[in-house]
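Coordinate analysis (summary)
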Amino acid sequence: MDSTPPGDIRVADPHAVIEALVRRPFFWRADRPLPLVLVVGRDGGAFDAARRLAEPFEDSLPQATVRAGEYDTLRELVTALAGEHGQLGKPVGGSFLPPPRFPLVQFVLWARRQREEPPPGEPVDVPGRTWPPDPQSRTGQEEFKDRLKDWRRGRYGGDRGRRTAADFLGRAATTWVPVGTLAAWSLGGASDLVGLIPWALGVLVAVVGTLIQAMLSIRGSFFNGWFRKQPYLARKPFERLPKYALRIANASEAEVEGLLVHALCQDLRQAYQKWLIPWPSWGRGLYAMMVLDARWSGDVNERFLRTLEESVEETGLLPPLLVLAAVPDSFTPGIRPVTAGRMSDLSTLVESWRTAARRRVPPLRLMVSTPEIPLDDDYRPRLLGSRMRAIGYWCVMALLLIGPVVLLGRIQQDRDAHCGGLPWGERVGKECIGVVNADGPAPGDLFPSDEIRNLVSKIDKHNADARNAGTYVSVVLFGEYSIAQDQNDSAFVGARAELTAVEEYQDDANGTPRLEVLVANAGTNFQQGERAAQLVSEMAAEDPRVLGVIGFQRSVGGVEDAIRTLDAAKLPMLVTTATADRLAYVPDGPADSGSSYPSPYVFRLGSSNQRQARLAARFARTRLLGGVDKPSAVVVKDQTDDDNYTNNLADDYADEAGAVGIAVSGAVGYKDRGTGMDLAVSQACGREPDLIFYAGRAADFLGFLQYVEAKDCGKEPIKVLAGDDVIKAVANSGAAIGGYRRVQVYYAALASRELWRDRSLKATGFVQSLLNGRHPKESDDNLILSYDAVRLFYERVNAAYRGGLPSRGDVLYQISLVSPRGRWNGSGGVISFGATTHEPENKAIAILKVNSSGRSEVAERCGRLAATEPEDTKEICRNLDGDAEDREAANAPAAVSSVPPSARPSVHPSVRPSASPRDAAADSGR
């Protein structure tokens, strides 16, 4: 910008004073009025002095020079100034802006010109004339309508018309592109096919708005409303433009002259007005200038000057035009006030004039006498500021045209990256990771499964009821919910059962506070478990209503990462069907130190792999292989990457079978959901075992049994004892499994409705509904333990609730009270957590047999289903959780949950045992 402030004119050089007058103030400051500088001198000295004052600026701003006698009528003068080829409308080199346009003046000139252009044969200005027609004439109005249409069509023909159209389209686009962008953004952006509607609407708003505004500008309709607001030949309300043009054609010359000059002032005002919408006026740094030779009394130039003064005084419309008018030496001010002095005192005169100009309508005249010595022509105006202002305008234009599109693209990218705008969700590949319904219903396109989508939708409806109730708490259900619908996929069946149980309990939880369930998706196979847990932790840090997390269906690497992350956030966790022996262990110190300890924030509802393997080995030795002198077994396990469930369970099978005298000849593995199953079964059967331990996944179980049925595996029936995961396959394909003749199938169950068939036991209401036939195809362990988890969480929240929102520490403390002295009856059996590791104590677990009809029946059960049931005394159930000495050693490093839970208890690392080599290798389970 120029170093001289726009208002600083205290300089001696008259050129510098003129420069200070024509330079506009900074954008944020109001425009200042401009005087009529009347230059008085003898002979031609006044006009020469005025022209010399203006000469340095002629090529830098809109400028016109009118000599005496050049035009015969004021209309010709105005045409030369602001007509279609007028001097004030010519392009200004180096300004980087389109020149001012004069749609109002040009309309008046066109309308008046029609007076001299009658149709062929029509007389003009003679008695009895028929042209111009009477304004009330219907024929005349139609004629002017056609003429106006033709004029508009041909007004901007050729290359000039294209430039004008492009200019107005660009001006309009800078308004409507941002508006269309806001429309698309405010309506939610595009996340699916239906979500393309906001995009289409935004584009429609931008295109239609741009076209309408541009057409109104090109036609002049954008400005023609001004004719109704001015005093000269005012356009009547609702008067059509052709009829108004007809009235102008019929008006007197004096009326038209006043309208022309006033329209000229208004067109200049519009060119410099600070519009709210982007307009070239934002970038105009220099006012227009006019040099007028008005030395001859009665001349058209003198009449123009007088009409200009009268118009400004009458309307108060000050044009952004600096007029340098040469007047005769005999000029007398008359009745109009004038500020007068010598040209050498021009700066002082301008200051005095500005003082007077602070009134609403200032005295326009500022009179100076010509200097004795001619003005120096060697003056270089400082135009950097005005050019920078124009460049700044184009930068704003570019920003408004390109910026919204780029911004909307970035916003859409962010929306896509956050699953359509979810605050605690992120898109990884094709999956939406994180909390999908934190601030409202989950978007319908997140889940490929209709069944999961419908269950989440039901949960969202319950959530809305909870929020409407005012007082509510939130629990996060952490699982894998973006998996495809596949009834043979244990992950899908388990996820569906989890959602089913939680939704059913939430529907019945109508107390105070109400229960909100936030669904957190960790991706297929929990591959994004750590990131999902980070998002849950961030959400919980901002929302004190989030009091805990339940779920964790399977013991894979992503679940372990999630538990470590949520442990750092000190969120209470209730683990349902993940059975890894060391699932809840978190690193103690650096990750590569190998030292770990059980998290005090994790409570597990299901039995561990070691407990089920110990019961399975004892059951196999005493019930299945009791008559075999030296029984043998082989373990078949899944070796899929990042699924260490089978490794952990297979090792536990081998250890516990060996402890009861069953010789395990090693393990055979298959990989990647069934690949190599034929070879694995062949290798297993080739060892002629008395028993096959199956430590694979439910999805592969039917294929495994088919291979076993078809091969020679020794004495028939071939006994298969499977892990807890296959309960999902049995639920879906029990009839097919029961139909095998050479295979006898047993499996471990963490929880099952079949355990409650004994009528001496009083089942919970949920289990009773299952016994009555509800959810016959669901995975019982996921269903029952998930129901227990959400119920335990909610009841513990109610125990901590004292009229105000409980803290997570309160909830953690209340859950830790579910101990041997405060057992809790659940649908999956008695729940009692250890005082240190929070592992379930003497948890109900069973071995089920698939009978020939495909139904499951209890072959053996350990652990109590109800607190009123007596303790187990059967030898097979004794010390399933380990000897007292082993448990004490295992539990030693844990933090005691009964201490104030606001801060984790500190235990010296020296008393925390490191994981054994086998534990370190098998740190995942179910």
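Anyway, here's the lowdown on the structure attached to this text.

Cut-offs and rules
- Residues numbered from 1 in each chain as written.
- Predicted model: local features only at pLDDT ≥ 70, side-chain atom pairs only at ≥ 80, totals over all residues.
- Heavy atoms only, no water.
- Helix = DSSP H or I, 4+ residues; strand = E, 2+ residues; numbered from the N terminus.
- Buried < 20%, exposed > 50% of the residue type's maximum accessible area, 1.4 Å probe, protein only.
- Contact = heavy atoms within 4.5 Å.
- Areas by Shrake-Rupley, 256 points an atom, 1.4 Å probe, with all protein chains shown as cover.
- Pairing = 2+ DSSP bridges.
- Axes fitted to C-alpha atoms, helices over the stretch in contact; angles between N-to-C directions.
- Salt bridge = Lys/Arg side-chain N within 4 Å of Asp/Glu carboxyl O.
- Expected span 1.5 Å × (residues − 1).
- Polar contact = N/O pair within 3.5 Å; in protein donor to acceptor, adjacent residues only side chain to side chain.
- Core = buried A, V, L, I, M, F, W, Y, C linked by side-chain atoms within 4.5 Å.
- Disulfide = S-S within 2.5 Å.
- Parallel < 35°, antiparallel > 145°, perpendicular 65-115°, else oblique.
- Nonpolar A, V, L, I, M, F, W, Y, C, P; charged D, E, K, R; others polar.
- Phe/Tyr/Trp six-rings, centres within 6.5 Å; stacked < 30°, edge-to-face > 60°.
- Lys NZ or Arg CZ within 6 Å of the ring centre and 35° of its normal.

1. A few points about the overall build of the chain
Helix and strand content of the chain: 26 helices and 24 strands. In the chain, which comprises 926 residues, the share counted as buried stands at 57%. Here the contacts in the chain between residues at least 6 apart in sequence split such that 75% fall between residues at least 24 apart. Of the roughly 37900 Å² of accessible surface on the chain, 52% is carried by carbon and sulfur atoms.

2. Brief notes about the sheet that holds strand E4 (residues 321-327)
Taken in spatial order, the six strands of this open sheet run E2-E3-E4-E1-E6-E5, and their pairing is parallel. On the outer flanks of this sheet lie strand E2 (63-66) and strand E5 (338-342), each paired with one strand and no other. The mean angle between the axes of side-by-side strands here comes to 15°, regardless of whether they run parallel or antiparallel. Pairing between E5 and strand E6 (residues 365-369): five bridges, direction parallel. Each residue of the ladder has a partner; that of Thr339, found in E6, is Leu366.

3. Observations regarding the pattern of salt bridges
Here the structure, examined in full by the defined rule, presents 42 salt bridges. A salt bridge links Glu239 to Arg247; the shortest N-O distance between them is 2.9 Å. The partner of Arg531 in a salt bridge is Glu426, with the nearest N and O atoms 2.4 Å apart. Here Arg531 is found in helix H15 (residues 529-542), whereas its partner Glu426 is found in strand E7 (residues 425-428), with 105 residues between them in sequence. Because the salt bridges share partners, they merge into one network encompassing Arg75, Arg112, Glu116 and Glu253.

4. Describing helix H10 (residues 300-315)
Residues separated by three or four positions in an α-helix point in the same direction, a consequence of the helix having 3.6 residues per turn. Here H10 is 16 residues long and its end C-alpha atoms lie 22 Å apart, about the 22 Å a rise of 1.5 Å per residue gives. Among all positions in H10, only Val300, Asn301, Phe304, Leu305, Thr307, Leu308, Glu309, Ser311 and Val312 are buried. At the N-terminal boundary of H10, the capping side chain belongs to Asp299, with an oxygen 3.0 Å from the backbone nitrogen of Asn301. Immediately downstream of H10, the backbone of Gly316 shows phi near 75°, a positive value.

5. Looking at the nonpolar core
Residues Ile18, Phe107 and Phe304 are the most contacted members of the largest nonpolar core, which totals 95 residues. Of all the elements, helix H9 (residues 253-272) adds the most residues to this core, at ten residues. Sequence-distant contacts of Ile18, defined by excluding residues within four places in its chain, comprise Leu53, Phe57, Met289, Leu322, Leu324 and Leu346.

6. Description of the pairing of E7
Along a regular strand, successive side chains alternate from one face of the sheet to the other. Sheet analysis places E7 next to strand E8 (residues 431-435), joined by four bridges and oriented antiparallel. Paired with Arg427 across the strands is Cys432, a residue of E8. Taking the residues between adjacent antiparallel strands as the criterion, E7 and E8 are bridged by two residues, where Gly429 takes a positive phi near 65°.

7. Remarks on the state of the cysteines
Applying the stated criterion to the full structure yields three disulfides. With a sulfur-sulfur separation of 2.1 Å, Cys419 is cross-linked through a disulfide to Cys432. A torsion of 110° about the S-S bond marks the disulfide between Cys419 and Cys432 as right-handed. Highlighted residues: Cys419 in the loop between helix H12 (384-417) and E7 and Cys432 in strand E8, separated in sequence by 13 residues. The same class applies to Cys419 and to Cys432, which are both buried. The partner cysteine of Cys862 in its disulfide is Cys877, sulfur to sulfur 1.9 Å. Torsion about the S-S bond of the Cys862 and Cys877 cystine: about -75°, corresponding to left-handed handedness.

8. Concerning the packing of helix H4 (residues 103-113) against H9
Where H4 meets H9, the closest approach of the two axes is 7 Å, and the angle between their N-to-C directions is 155°. Viewed along their axes, H4 and H9 adopt a mutual orientation that is roughly antiparallel. Residue-level inspection shows Pro103, Leu104, Val105, Val108, Leu109 and Arg112 of H4 in contact with H9, the latter providing Glu253, Val256, Leu259, Leu260, Ala263, Leu264, Gln266, Asp267 and Gln270. Here the contact of H4 with H9 is built from residues that sort into ten nonpolar, two polar and three charged.

9. Points about the packing of aromatic side chains
Across all of its chains, the model carries 20 aromatic pairs by this definition. Centre to centre, the rings of Phe107 and Tyr244 are 6.2 Å apart; their planes meet at 10°, and the pair counts as stacked. A residue pair is termed long-range when its members are at least 10 positions apart, and Phe107 in helix H4 and Tyr244 in helix H8 (residues 241-250) qualify at 137 residues. Ring geometry for Trp110 and Phe144: centres 6.2 Å apart, planes at 70°, overall edge-to-face. With Trp110 in helix H4 and Phe144 in helix H5 (residues 138-155), the pair connects residues that are 34 residues apart, well separated along the chain. We classify Trp110 as buried; its relative accessible area is 3%. Residue Phe144 is classed as buried on the basis of its relative accessible area of 0%. If you follow Arg284 out to its NZ or CZ, it ends over the ring of Tyr272, 5.8 Å from the centre. The residue whose ring lies beneath Arg545 is Tyr472, and the NZ or CZ to ring-centre distance is 4.5 Å.

10. Things to note about the packing of H9 against H10
Between H9 and H10, the least distance of the axes is 9 Å, while the angle of their chain directions is 70°. As summarised for this structure, H9 and H10 are arranged roughly perpendicular, according to the angle between their axes. Where H9 abuts H10, its residues Glu257, Gly258, Val261, His262, Leu264 and Cys265 lie against Arg303, Phe304, Thr307, Leu308, Ser311 and Thr315. Among the residues forming the contact of H9 with H10, the class breakdown is five nonpolar, five polar and two charged.

11. Details of the sheet that holds strand E17 (residues 663-670)
The strand order across the open sheet built from seven strands is E17-E16-E18-E19-E20-E23-E24, with neighbouring strands paired in mixed fashion. The sheet terminates laterally at E17 and strand E24 (856-862), the two strands that pair on one side only. Put simply, the sheet's adjacent strands are angled 25° from each other on average, direction ignored. Across the face of the sheet, helix H19 (residues 677-686) comes into contact with strand E16 (632-638) and E17 while running at roughly 165° to E17.

12. Some remarks on the environment of Pro237
Among the structural elements, Pro237 can be located in the loop between helix H7 (196-219) and H8. By relative accessible area, Pro237 is classed as exposed at 63%. In sequence terms Pro237 and Gly225 are twelve residues apart; their C-alpha atoms lie 9.7 Å from each other.

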